[in-house]
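Letter by letter, the chains look like this.
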Amino acid sequence: MAWLVLIASGFLEAGWAISLKLSDGFSRLIPSLTFAVMTILSLAGLAWAMKQIDVGPAYAVWTGIGASLTAVIGMVFLHDGVSVLKIVSLVLIVAGVIGLNLSGAGH
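Residue numbers run consecutively from 1 along every chain, following the written order of its sequence. With pLDDT at 70 or above as the cut-off, local features in this predicted model cover only qualifying residues; side-chain atom pairs require 80 or more to be listed or tallied, and sums for whole chains, interfaces and linings still use all residues. Think of the side-chain values as coming from all heavy atoms in the structure, minus any hydrogens and water.

Enquirer: Tell me about unusual backbone geometry, residues and numbers included.
Expert: The phi torsion at Asp24 lies on the positive side, around 55°, for a residue other than glycine. With respect to the helices and strands, Asp24 occurs in the loop between helix H1 (2-22) and helix H2 (29-49). The backbone of Phe26 shows a phi angle near 65°, a positive value even though the residue is not glycine. Each helix is a run of DSSP H or I of at least 4 residues and each strand a run of E of at least 2, with the numbering of both proceeding from the N terminus. Checked against the element boundaries, Phe26 lands in the loop between H1 and H2.

Right under this line is the structure:
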């Protein structure tokens, strides 16, 4: 269950990052409120998951999901630039998170 909460919290991290962008420096109410709610839920889920998962793998998964998903959403929906280097870098983030977890760091 801790892993499911952690993964959901990673998705919420991407949500608050995108909401922060859409808030236009907190000048737009709905994206600003969405940012606040998603941030609280994301951090609460991370904190809860860390009661059962080691800090290294938990934080790597949380930030890896958040960073990767935020970058993909930015490229697909927010007209961020796309390049081979960005795609390779995203693959390396995912590979690093998987490698950290496979290394037994969470056991």
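Enquirer: Just give me the short version of the side chain of Ser19, but keep the residues and values in it.
Expert: Relative to the assigned elements, Ser19 resides in helix H1. For this analysis, a polar contact is any N or O atom pair within 3.5 Å, provided that within protein one partner can donate a hydrogen and the other can accept it, and provided that sequence-adjacent residues contribute only side-chain to side-chain pairs. A polar atom in the side chain of Ser19 sits 2.8 Å from the backbone oxygen of Gly15. Any two residues whose heavy atoms approach within 4.5 Å at even a single point are treated as in contact. Residues within four places of Ser19 in sequence aside, it is in contact with Pro31, Thr34, Phe35 and Met38.

Enquirer: Help me get a handle on a nonpolar patch on the surface, residues and values and all.
Expert: Candidate patch residues must exceed 30% relative accessible area and have no salt bridge, after which like charges are joined if within 9 Å and Val, Leu, Ile, Met, Phe, Trp or Tyr side chains if within 5 Å. Note that accessible areas follow from Shrake-Rupley with a 1.4 Å probe, and for residues the cover is restricted to the protein chains shown. Think of a salt bridge as a Lys or Arg side-chain nitrogen and an Asp or Glu carboxyl oxygen that are within 4 Å of each other. A contiguous nonpolar surface patch, about 370 Å² in accessible area, is contributed by Met1, Leu4 and Trp48. Mapped onto the elements, Trp48 comes out in helix H2.

Enquirer: Tell me what's going on with the confidence of the model for the chain, and back it up with residues and numbers.
Expert: Any region with low pLDDT has predicted coordinates that should not be read closely. Note on scores: pLDDT gives the predictor's confidence for each residue, bounded by 0 and 100. The share of residues in the chain with pLDDT of 70 or more is 96%, and the mean pLDDT across the chain is 94. Predicted confidence in the chain is weakest over helix H4 (residues 84-102), with a mean pLDDT of 91, and strongest over H2, with 98.

Enquirer: Go over the packing of aromatic side chains, please, and point to the residues and values.
Expert: Stacked, tilted and edge-to-face are the three classes assigned to paired rings of Phe, Tyr and Trp, where Trp is represented by its six-membered ring and a pair needs centres within 6.5 Å; plane angles under 30 degrees give stacked, over 60 edge-to-face, the rest tilted. On inspection of all chains with the given rule, the structure shows three aromatic pairs. Ring geometry for Tyr59 and Trp62: centres 5.7 Å apart, planes at 35°, overall tilted. Of this pair, Tyr59 and Trp62 both sit in helix H3 (residues 55-77), three residues apart, which is roughly one turn of the helix. Ring pairing ties together the aromatic residues Trp16, Phe26 and Phe35, which thus form one cluster.

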